[in-house]
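# Report on the structure
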Amino acid sequence: MEESTGPTGSKPKLPVVDQVSSGGVAFRITGATIEVALISVGKDNRWQLPKGIVDSGETPEVTAVREVQEEAGLQTELLEQLEKIEYWYVGNKGNQRVRFHKFVYFYLLRYSSGNIQDHDWEVNEARWVEINQAQQLLAFKSEKQVVAKAAEKIAQL
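Residues numbered from 1 in each chain as written. Predicted model: local features only at pLDDT ≥ 70, side-chain atom pairs only at ≥ 80, totals over all residues. Heavy atoms only, no water.

## With respect to helix H1 (residues 60-72)
Given a rise of 1.5 Å per residue, 13 residues ought to cover 18 Å, and the 17 Å separating the end C-alpha atoms of H1 matches this to within 8%. Turning to H1, its buried residues are Thr63, Ala64, Arg66, Glu67, Val68, Glu71 and Ala72. Tucked into the core, H1 has its buried residues touching strand S1 (16-30), strand S2 (33-41), strand S4 (51-53), strand S5 (74-93), strand S6 (96-114) and strand S7 (125-130). Trailing H1 by a residue or two, Gly73 shows a phi angle of about 75°, which is positive. (Helix = DSSP H or I, 4+ residues; strand = E, 2+ residues; numbered from the N terminus. Expected span 1.5 Å × (residues − 1). Buried < 20%, exposed > 50% of the residue type's maximum accessible area, 1.4 Å probe, protein only. Contact = heavy atoms within 4.5 Å.)

## Observations concerning the nonpolar core
Formed by 20 residues in total, the largest nonpolar core has its most connected members in Val25, Val36, Leu38, Leu49, Leu108 and Val146. The set of elements that each furnish at least two residues to this core consists of S1, S2, S5, S6, helix H2 (131-137) and helix H3 (141-156). In this structure Val36 touches Val25, Ala26, Phe27, Arg127, Trp128, Val129, Ile131 and Ala134, once residues within four positions along its chain are discounted. One finds Val68, Tyr105, Leu109 and Ile116 within the second-largest nonpolar core, a separate group that totals 15 residues. (Core = buried A, V, L, I, M, F, W, Y, C linked by side-chain atoms within 4.5 Å.)

## Some details on the confidence of the model for the chain
Per-residue confidence for the chain gives a mean pLDDT of 93, with 93% of residues at or over 70. Predicted confidence is poor over residues 1-6, with pLDDT under 50, and the contacts of this stretch with residues over four places away or in other chains come to five contacts. (pLDDT = per-residue confidence, 0-100.)

## Comments concerning the packing of aromatic side chains
A full pass over the atoms with the stated rule returns three aromatic pairs. Aromatic side chains Tyr87 and Tyr89 sit 6.2 Å apart centroid to centroid with 35° between the ring planes, which places their arrangement in the tilted category. On the basis of relative accessible area, Tyr89 is assigned to the partly exposed category, the value being 30%. The interplanar angle of 85° and the centroid separation of 5.3 Å between the aromatic rings of Tyr111 and Trp128 together place this pair among those described as edge-to-face. Placement of the pair is Tyr111 in strand S6 and Trp128 in strand S7, with a sequence separation of 17 residues. Here Trp128 falls in the buried class, since its relative accessible area comes to 15%. Each residue in the set Tyr87, Tyr89 and Phe100 is aromatic and connected to the rest through ring pairs, giving one cluster. (Phe/Tyr/Trp six-rings, centres within 6.5 Å; stacked < 30°, edge-to-face > 60°.)

## Quick look at the environment of Gln133
Relative to the helices and strands, Gln133 resides in helix H2. Linking Gln133 and Pro12, residues 121 residues apart in sequence, is a C-alpha distance of 44 Å.

Written out as structure tokens, the structure reads:
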């Protein structure tokens, strides 16, 4: 179905919906190696950091810890906020096309317990990846930058 155009030939403005997500760089140190938890999602097995929508009544911090637990099977301790990423995209909300104004908070999370095999059904695979290799594997430039920032923070711990 084609979108109708206005009198000037421009497309009508889509309604804007704010969307807030939160996730984390969950890390562990084994010997001299720093590893972070990555998840693979979708038909194309895209590697990304665990994250999800902030539920009503939740803070971004609580969401980050919950999403890492659900998507990567890990219990973590929240250390600090790493980044707040902002971008726009067009998608569907119900049966309506909308412009999403997306905010994603990322936190540095120290691994405390859990098994990376215990991820939820939304995730194809979760795995520990050496931190520099993780930056190569990640699909999104913004998440590569978040992991680079995490590496700097971990080095200061």
